[in-house]
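Commentary on secondary and tertiary structure
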Amino acid sequence: MFNPNYRASYPYGGTQTAMPTHMGGTQAQTAMPTQTGGGSIPPSLSGNQMTQGGAVVVSPTPTYEQSYIENIFRMNLGKVGTFYMTYENNSQWNAKIFRGVLEAAGRDHIIISDPKTGQRIVMLMVNFDYATFDQPLNYTYPGVIGNPPTATRRG
């Protein structure tokens, strides 16, 4: 059924009103956006810039990893660290400290190994509190160039 109030909108601001031919109209009548001054530039729907001709200018995508703890751990595989874990509602031990070589890091776990025995331990990140390392860490954060200086200030 024909709805005289129906208007289709288009991404560049135009509208179209449908009117059936039996009511004396054309198949479709289009109202284009008005242009002022030097013309209008269509909006960008993808977040990229567009030229006046409508071509999309693609900006380069950043190539860094986001700063999540698992990514920091992945950048430092093979380093010896001390990992502090808390286990709530545990009657034997509430907190435990592990020391070992960081072998793998996932979103919800890390795997370390004891350099003396070779035993591997899988630890859940839900229990992770913090970690310390005796050597500098590899770490790149968006907006920071390189790693910070390794010398410590004492004063």
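Rules used throughout
- Residues numbered from 1 in each chain as written.
- Predicted model: local features only at pLDDT ≥ 70, side-chain atom pairs only at ≥ 80, totals over all residues.
- Heavy atoms only, no water.
- Salt bridge = Lys/Arg side-chain N within 4 Å of Asp/Glu carboxyl O.
- Helix = DSSP H or I, 4+ residues; strand = E, 2+ residues; numbered from the N terminus.
- Buried < 20%, exposed > 50% of the residue type's maximum accessible area, 1.4 Å probe, protein only.
- Pairing = 2+ DSSP bridges.
- Axes fitted to C-alpha atoms, helices over the stretch in contact; angles between N-to-C directions.
- Phe/Tyr/Trp six-rings, centres within 6.5 Å; stacked < 30°, edge-to-face > 60°.
- Lys NZ or Arg CZ within 6 Å of the ring centre and 35° of its normal.

Another aspect to go through is the pattern of salt bridges. If you walk through the whole model with that rule in mind, you get three salt bridges. Here Glu70 and Arg107 are joined by a salt bridge, their closest N and O atoms 3.8 Å apart. Here the residue Glu70 occupies a position in helix 1 (residues 69–74), and Arg107 occupies one in the loop between strand 7 (95–105) and strand 8 (109–113), the gap between them amounting to 37 residues. What makes Glu70 buried here is its relative accessible area of 10%. Here Arg99 makes a salt bridge to Asp134, at a shortest N to O gap of 2.6 Å. With Arg99 in strand 7 and Asp134 in the segment after strand 10 (128–133), the pair connects residues that are 35 residues apart, well separated along the chain. You can call Asp134 exposed: its relative accessible area is 63%.

With antiparallel pairing, the five strands of this open sheet are ordered in space as 9-8-7-6-10. In this open sheet, the two edge strands, each paired with only one partner strand, are strand 9 (120–124) and strand 10. Going across the sheet, the axis of each strand differs from the next one's by a mean of 45°, ignoring polarity. One ladder, built from five bridges, connects strand 6 (residues 80–86) with strand 10; its direction is antiparallel. Along strand 10, the bridge assignment pairs Thr82 with Thr132.

Moving on: unusual backbone geometry. Phi at Asn89 is positive, roughly 60°, even though this residue is not glycine. Within the secondary structure layout, Asn89 lies in the loop between strand 6 and strand 7.

The full count for this structure, using the stated rule, is five aromatic pairs. Ring centres of Tyr87 and Trp93 lie 4.9 Å apart, and the angle between their planes is 80°; this geometry places the pair in the edge-to-face category. Take Trp93: its relative accessible area is 34%, and that puts it in the partly exposed class. An aromatic cluster is present here, built from Phe73, Phe83, Phe128 and Phe133 joined pairwise through their rings. Positioned above the aromatic ring of Trp93 is the side chain of Lys96, whose terminal nitrogen or guanidinium carbon lies 5.1 Å from the ring centre.

Bringing the pairing of strand 7 into the picture now. Judged from the seven bridges that link them, strand 6 and strand 7 form a sheet pairing that is antiparallel. The residue of strand 7 that forms the bridge with Phe83 is Phe98. Pairing of strand 7 with strand 8 involves four bridges; the strand directions are antiparallel. Along strand 8, the bridge assignment pairs Leu102 with Ile112. Two successive antiparallel strands, strand 7 and strand 8, enclose a turn made up of three residues.

Purely spatial values, then, with no claim about function.
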